[in-house]
Amino acid sequence: MYKFPKLTDEELSAFLKKKREFFDFYNLNKTPLYSKIASGLIDLSINKLLGLNGLRKDKISALNHYLKACMFDPKFIFSSHSLRKELGLLVYNKG
């Protein structure tokens, strides 16, 4: 059985914020929990990469959050081309 990585307090906070402000607001109840968590981690990664929402710019931390998001939901490997490029990762295309 696959075990998901443990979330830090900062990551849990980002997930809960994304859940409250997006998934609950638009009543998206059929979205799986792992995808909701990954989406929150992607938002945290972008905020850290750009230094938004009072967070300090930190490319390494942004990369770590992005990679953890990909562990929760691998679809982000193929769907976040500009973020991958900014983080210095290879960009993959499906097919």
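Residues numbered from 1 in each chain as written. Predicted model: local features only at pLDDT ≥ 70, side-chain atom pairs only at ≥ 80, totals over all residues. Heavy atoms only, no water.

Participant: Would you mind showing me how to read the side chain of Ser-39 here?
Facilitator: For Ser-39, the position within the fold is in helix H2 (residues 33–50). Sequence-distant contacts of Ser-39, defined by excluding residues within four places in its chain, comprise Lys-18, Phe-23 and Phe-76. (Helix = DSSP H or I, 4+ residues; strand = E, 2+ residues; numbered from the N terminus. Contact = heavy atoms within 4.5 Å.)

Participant: So what exactly am I meant to see when it comes to unusual backbone geometry here?
Facilitator: The bulk of non-glycine residues show a negative phi, and the bulk of peptide bonds are trans. Although it is not a glycine, Asn-27 adopts a positive phi angle of roughly 55°. Here the phi dihedral of Asn-53 falls at roughly 55°; this positive angle occurs in a residue that is not glycine. Secondary-structure assignment places Asn-53 in the loop between H2 and helix H3 (59–72). Owing to a relative accessible area of 56%, Asn-53 belongs among the exposed residues under this scheme. (Buried < 20%, exposed > 50% of the residue type's maximum accessible area, 1.4 Å probe, protein only.)

Participant: Is there a simple way to explain the packing of aromatic side chains in this structure?
Facilitator: The geometry of an aromatic ring pair comes down to the distance between the two centres and the angle between the two planes. Per the counting criterion, the structure on display carries four aromatic pairs. Judged by centre distance (5.5 Å) and plane angle (65°), the ring pair of Phe-22 and Tyr-26 falls under edge-to-face. Given the relative accessible area of 34%, Phe-22 is considered partly exposed. On the basis of an interplanar angle of 90° and a centroid distance of 4.9 Å, the ring pair of Phe-25 and Tyr-26 is categorised as edge-to-face. Exposure remark for Phe-25: the relative accessible area of 61% places this residue in the exposed category. One aromatic cluster is present, formed by Phe-22, Phe-23, Phe-25 and Tyr-26 through successive ring pairs. Sitting over the ring of Phe-22, Lys-18 keeps its end group 4.8 Å from the ring centre. (Phe/Tyr/Trp six-rings, centres within 6.5 Å; stacked < 30°, edge-to-face > 60°. Lys NZ or Arg CZ within 6 Å of the ring centre and 35° of its normal.)

Participant: Any chance you could explain H2 here in plain terms?
Facilitator: Note: α-helices contain 3.6 residues per turn, so residues at a spacing of three or four share the same orientation. With 18 residues, H2 should cover 26 Å at 1.5 Å per step; its first-to-last C-alpha distance of 26 Å lies within 8% of that length. Across the 18 residues of H2, 13 count as buried, placing the element largely inside the fold. Gly-51, located one to two residues past H2, shows a positive phi value of around 70°. (Expected span 1.5 Å × (residues − 1).)

Participant: I'm lost on the pattern of salt bridges in this one. Help?
Facilitator: Any two side chains of opposite charge can pair if their charged atoms end up close together. Counted according to the given criterion, the structure contains six salt bridges. The partner of Asp-73 in a salt bridge is Lys-75, and the shortest N-O contact between them spans 3.8 Å. In this structure Asp-73 comes out as buried when scored by relative accessible area, which is 7%. (Salt bridge = Lys/Arg side-chain N within 4 Å of Asp/Glu carboxyl O.)

Participant: Is there a simple way to explain the nonpolar core in this structure?
Facilitator: In summary, soluble globular proteins display a tendency toward joint burial of nonpolar side chains. Ile-42, Tyr-66, Leu-83 and Leu-87 are the most contacted members of the largest nonpolar core, which has 15 residues in total. Mapped onto this core, the elements with two or more residues apiece are H2 and H3. The biggest single contributor to this core is H3, with six residues. In contact with Ile-42, other than residues within four places in its own chain, are Tyr-66, Ala-69, Phe-76 and Leu-83. (Core = buried A, V, L, I, M, F, W, Y, C linked by side-chain atoms within 4.5 Å.)

Note that every value here comes from positions in space, so none of it alone points to a role or purpose.
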